[in-house]
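As a plain string of letters, each chain reads:
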Amino acid sequence: MAHERQQAGIRTFFLPLTINGSTGNVVCLFSQSQVVEILGARPVQQIPGSPVYLKGMLLYHDSLLPVINLDDLCNRGGNGRSDRYRQLMVIRTGAVDPVTGEPLKAVVTAGVRVRIAKITGQELATAFVAQEPPPSLRNSGLLRGFFQRQGDSVAVLDLGPVVQGTFSDHWGEANN
Amino acid sequence: MKPLFLAQIGRQLFAVDKENVVGVGVRNDDTIKPVVENGRAYLPLPHGNRAVICDLQTLMTRNGGLLPSKRGYYLIVAHEENLMALTMSGKGRIIMADVAAARPLPPAFARKSRVLIPGVLVNCTDLILLVDLQALLGATDGEASLGVARADNERPAREY
C-alpha cells in the first residue's frame, strides 16, 4: 500500500522565492505533511517592533500564529519588499514551544500562487541534484538543503528557530 | 473584568488601561503643532502640559507596510511622571475585558515586541493588543522628561 502511494507520488508544495544573488527560479519546498492549509488573503495583525520578516500574527483555529515572509527572511539587510501577498500557507514547523511543549505552526506569505506537484520516490532519488546555494541563503542559518530540479533551484528551510524566537536575536545582532 | 480603552490604529486594535486615560484630542497639525525637542515630538496640552507623542503606527510600518491613515486623534494617557499622546485612527471607546484571558504573543516575536505587547485578547475574529505604556515610551526613544504638571489619573476622559 505504502509502496503504491510512493509510486503515485507525494504531494509537494513549491513556494517561489526572490533571492538576492540568484538569477534562476528559486522555490522553497514544503512536503504534504508540513502543509496544513492554504488560505486566501486576509488581514494580518501587525505587531509593533517586529523584525522585517515577521509580517504579523493571524488567528487560526484559536491559535495565534506568526506570519513570515520568506523573501525578507532570506535576504538579510533588506528593508522589507512588500506586504502584498496572494496566499497564506499554514505550515507545521516541527519545532515545539520551549515553554509549553506545544507543536509550533506558522503562516508563510506567498506573493504568487503556490505550485503543487506530485513527486514519486524515484524522482526524489534522481531528479534532485545538490548544488551550491546563493550566499544570502547559505548565510541565513536556516537552509537545510539546496537542489536543482528541472528548471528550478529548490531550497529546503528549517523554520524552527524562527518560530521558537531564537532566530530574532540572531537576526537583530546581524542587522545592527 | 477590567475597563480598557480601545484604540484603533489603521485596522489594528490596541487597548490600554482606562485608569491611565486622560483624554482624547483631535490630531490637527494646523491648530496645534507638535514641538520637537531633543529628537522627540511633544504635543502641547492645555495648562502648560505637554505629552510625548508615541506613534505606534510608525513602529508597525518600520517593517515595510503602510497603514491607511485618515483623520486622526490623539489618546492622551498618563504614565508615572509622563503624559503620552498615542496616535490613533478613530476616537476609540471604553470596553470591559477579561485581561486574565489575554494570551502572550507567539514565541517567534522578539523580546522587544513581547514587552511592548504583553498580551493579546481574542474577541471572535478580532485581536486586541494590550499595550505596555512603559515599553512604548522606551520604544519611542528612551525616557522623556516633561517637567510640567503631573497628570491627574482621576480626571474623567475629556476632549481637548
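See the structure shown above.
Residues numbered from 1 in each chain as written. Chains lettered and ligands numbered in written order. Predicted model: local features only at pLDDT ≥ 70, side-chain atom pairs only at ≥ 80, totals over all residues.

Peer 1: Tell me about the interface of chain A and chain B, and name the residues and values.
Peer 2: Accessible area lost when the parts come together is the quantity often used to give the size of an interface. In this complex, chain A contributes 29 residues to the contact, which on the side of chain B involves 24 residues. Here the residues of the side of chain A that touches chain B are counted per class, giving 15 nonpolar, 11 polar and three charged. (Contact = placed C-beta atoms within 7 Å. Nonpolar A, V, L, I, M, F, W, Y, C, P; charged D, E, K, R; others polar.)

Peer 1: Account for the environment of Ala110 of chain A, naming residues and giving values.
Peer 2: Residues and elements named next belong to chain A. The topology assignment puts Ala110 in strand S7 (residues 103-110). Under the C-beta neighbour-count criterion, Ala110 is labelled buried, with 22 such atoms within 10 Å. The spacing of Ala110 and Arg86 is 24 residues in sequence and 5.9 Å in space, taken between C-alpha atoms. Residues within four places of Ala110 in sequence aside, it is in contact with Leu15, Tyr85, Arg86, Gln87 and Met89. (Helix = DSSP H or I, 4+ residues; strand = E, 2+ residues; numbered from the N terminus. Buried ≥ 20, exposed ≤ 12 C-beta atoms within 10 Å, placed from the backbone.)

Peer 1: Please set out the sheet that holds strand S3 (residues 35-40) of chain A residue by residue, giving values where relevant.
Peer 2: Note: strands within a sheet are paired through backbone hydrogen bonds, in either parallel or antiparallel orientation. Residues and elements named next belong to chain A. Spatial strand order, S3-S6-S7-S5-S4: five strands in an open sheet with mixed pairing. Of all the strands in the sheet, the pair left with one neighbour each is S3 and strand S4 (54-60). This sheet shows a mean twist of 30° between the axes of neighbouring strands, independent of strand direction. In this sheet, S7 lies alongside strand S5 (residues 63-68) in parallel orientation, the contact comprising two bridges. Along S7, the bridge assignment pairs Ile68 with Val108. (Pairing = 2+ DSSP bridges. Axes fitted to C-alpha atoms, helices over the stretch in contact; angles between N-to-C directions.)

Peer 1: Outline the sheet that holds strand S8 (residues 115-119) of chain A, supporting the account with residue identities and numerical values.
Peer 2: Residue and element names in this part refer to chain A. Spatial ordering of the open sheet is given by S8-S1-S2-S11-S10-S9, a layout of six strands whose pairing is mixed. Whereas interior strands pair on both sides, the edge strands pair on one side only; in this sheet they are S8 and strand S9 (129-130). Sheet topology note: the strand S1 (residues 10-17)/strand S2 (residues 25-31) ladder contains six bridges and is antiparallel. Paired with Phe13 across the bridge in S2 is Phe30.

Peer 1: Account for the nonpolar core, with residues named and values stated.
Peer 2: Counting residues in each nonpolar core, the largest one holds 86 residues, and the members touching the most others are Ile68 of chain A together with Leu75 of chain B. Beyond its immediate stretch of four places on either side in the chain, Ile68 of chain A contacts Tyr53, Leu54, Leu73, Ala106, Val107, Val108, Leu159 and Val162 of chain A. (Core = buried A, V, L, I, M, F, W, Y, C linked by C-beta atoms within 7 Å.)

Peer 1: Which residues make up unusual backbone geometry, and what values do they have?
Peer 2: All names here are of chain B. In this structure, His47 takes a positive phi of about 60° despite not being glycine. If you trace the backbone, His47 turns up in the loop between strand S5 (40-44) and strand S6 (50-54). With 6 C-beta atoms counted inside 10 Å, the residue His47 sits in the exposed group.

Peer 1: Residues and numbers for the environment of Ser31 of chain A, please.
Peer 2: Residues and elements named next belong to chain A. Structurally, Ser31 is set in strand S2. When the 14 C-beta atoms within 10 Å are taken as the criterion, Ser31 is described as partly exposed. It is 11 Å that separates the C-alpha atoms of Ser31 and Thr93, two residues lying 62 residues apart in sequence. The contacts of Ser31, once residues within four sequence positions are left out, are Ile10 and Thr12.

Peer 1: Any details on the pairing of strand S8 (residues 82-88) of chain B? Residues and values, ideally.
Peer 2: Residues and elements named next belong to chain B. Of all seven residues in S8, five are buried, a share of seventy percent or more. Two elements, S6 and S8, share three bridges in a ladder whose sense is parallel. Across the sheet, residue Val52 finds its bridge partner in S8, namely Met84. The pairing of strand S7 (residues 72-79) with S8 spans seven bridges and is antiparallel. Following the sheet pairing, His79 is matched in S8 by Asn82. Between S7 and the antiparallel strand that follows it, S8, lie two residues; Glu80 among them carries a positive phi value of about 50°.

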